[in-house]
Amino acid sequence: MSIALFTLGGTIAMAGHDPGRPGVVARLTGADLTAAVPGLGDLDAPLDVRDALAVPSAHLTYRHLLDVVDAAGRAVTAGATGVVVTQGTDTLEESAFLADLVWPHDAPLVFTGAMRNPTLAGPDGPANLLAAARVAAAPAARGLGVLVAFNDEVHAARWVRKTHSTSTATFASPNTGPLGHVIEGRVRVLVRPERPAPLPPVDPARLDDTRVALHSVTLDDDGLLLDRVADTHHGLVVAGFGVGHVPATLAPVLGALADRIPVVLTSRSGAGSVLRNTYGAVGSETDLRRRGLLDGGLLDPYKTKVLLRLLLAADASRDEIAAALARHG
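The structure contained in this document is the topic of the report that follows. Predicted, not measured: the structure shown is a model, and the values here were computed from it.

## Topic: the overall build of the protein chain
In step 1: Helix and strand counts for the protein chain come out as 10 helices and 16 strands.
In step 2: Its C-alpha atoms give the protein chain a radius of gyration of 20 Å, near enough to 20 Å, the size a compact globule of 329 residues would have.
In step 3: Seen along its three principal axes, the alpha-carbon backbone of the protein chain occupies a region of about 60 × 45 × 35 Å.
In step 4: By the burial criterion, 51% of the 329 residues in the protein chain qualify as buried.
In step 5: Nonlocal contacts in the protein chain, meaning residues at least 24 apart in sequence, comprise 71% of its contacts between residues at least 6 apart.
In step 6: Taken as a whole, the protein chain presents about 14500 Å² of accessible surface, with 51% of it coming from carbon and sulfur.

Structure below.
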């Protein structure tokens, strides 16, 4: 038995400097990363290190990530106890959720990274990598789907958010809290939420041709950015105020778009659900649902965009999209 480790670059792998260029650049291989982590050699399962990509997480694509998920699945089929993926933290919450939507295995797939690169005092990458490896090897983590191990906390990909631009405690699950913790090297899973069934495999070529827009509503929003979105995109996620409200002038614009493409209503607040039937004014959640917008529930806008794109790439109907949102949100 082994733990497969796939490295995708990011802060956790940044150490050296190019002459004449400020800032660190990605240089560390998976072997470099593991060599810098005390305690990895004491795990019952050895690491099988695979350098997949070496790019900032802002450069990752859905196709990149689905390729990694496929490779991770093959590793599990070949006997790996679990899988760890290291990447940059900027898009980690979206990457982990994308993986969770299609991961069909009981074996844990654990994402991690770092906020402080190895040239700084107190880099957090080694501790996060060790915690992730422990989670990947833990029987208690089986059946939980894709997880994020960070700062000795274990989070479900479905709920985790990056909540701070620089803090090493950036990852949190505002709606639920962590599923567990790594304490003195022991993985303690305290909560086992029900996990929705994974989506069917998606044709990467169809995914490349599917576009979903995200619009965050702002004060006095005139909606001009949405003028031609139905001509260029196949779906739209709206991050509304609070429980799912928009300016009254924007409501008919969104209703007209919902007649042409799926439009999902979410909250820009960072935690909590959009409501369904509490407020009734023009631009309220009740009004927008009456105009055809779909309910994103507890899903944040970024995860909703990931889910909607996968569904549209699979030619899901409006009813199928609504049902998937109800399961995941």
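Structure shown, so let's carry the discussion forward.
## As for the pairing of strand β12 (residues 186-189)
Each regular strand carries side chains that alternate between the two faces of the sheet.
In step 1: Of the pairings in the sheet, the one linking strand β11 (residues 180-183) to β12 comprises four bridges and is antiparallel in character. Looking at β12, one finds that His-181 is bridged to Arg-188.
In step 2: Hairpin geometry of β11 and β12 is characterised by an intervening segment of two residues between the two adjacent antiparallel strands and by a positive phi of about 50 degrees at Glu-184.

## Some words on the sheet that holds strand β8 (residues 153-156)
In any sheet, the strands associate via hydrogen bonds between backbone groups, in a parallel or an antiparallel arrangement.
In step 1: If you walk across this open sheet you meet the eight strands as β4-β1-β5-β6-β7-β8-β11-β12, and the pairing is mixed. Each of the sheet's edge strands pairs with one partner strand only, and the pair in question is β4 (47-51) and β12. Taking the axes of each pair of neighbouring strands and ignoring which way they run, one obtains an average angle of 25 degrees across the sheet.
In step 2: As defined by bridge partners, β8 adjoins β11 across two bridges and the pair is classed as antiparallel. Looking across to β11, one finds that Glu-153 is bridged to His-181.
In step 3: Each of β1 (3-7), β4, β5 (82-86) and β6 (109-112) touches helix α2 (residues 62-77); the most contacted strand, β1, lies at about 165 degrees to it.
In step 4: The sheet contacts of helix α4 (residues 125-137) involve β1, β5, β6, β7 (146-150), β8, β11 and β12, and relative to β5 the element is tilted by about 155 degrees.

## Quick look at the environment of Val-160
In step 1: Tracing the chain through its elements places Val-160 in the loop between β8 and β9 (161-162).
In step 2: Note on Val-160: relative accessible area 0%, which makes it buried.
In step 3: With 132 residues separating them along the chain, Val-160 and Leu-28 place their C-alpha atoms 27 Å apart.
In step 4: With residues up to four places along the chain from it excluded, the contact list for Val-160 reads Glu-93, Val-148, His-155, Phe-171, Ala-172, Ser-173 and Lys-303.

What counts as what
Sequence order as written defines residue numbering, which begins from 1 separately in each chain. Restriction of local features to residues with pLDDT of at least 70 applies here, the model being predicted, together with a cutoff of 80 or more for giving and counting side-chain atom pairs; totals for whole chains, interfaces and linings are based on all residues. Calculated side-chain values reflect all of the structure's heavy atoms, with hydrogen atoms and water omitted. Runs of E in the DSSP output that reach at least two residues are strands. Runs of H or I that reach at least four are helices, and both are numbered from the N terminus. The globule rule is 2.2 Å times the number of residues to the power 0.38, and the radius of gyration it is compared with is taken over C-alpha atoms. Only protein chains enter the accessibility calculation, which uses a 1.4 Å probe. A residue is then buried if its area is under 20% of the maximum for its type, exposed if over 50%, and partly exposed in between. Two residues qualify as a contact provided that any one of their heavy atoms is within 4.5 Å of a heavy atom in the partner residue. Exposure was quantified through the Shrake-Rupley algorithm and a 1.4 Å probe, taking into account, for residues, occlusion by the shown protein chains and nothing else. Any two strands with at least two DSSP bridges between them are considered paired. What counts as an axis is a line fitted to C-alpha atoms, over the stretch in contact for a helix, and the angles between N-to-C directions run from 0 to 180 degrees.

All we've got here are geometric facts, nothing functional implied.
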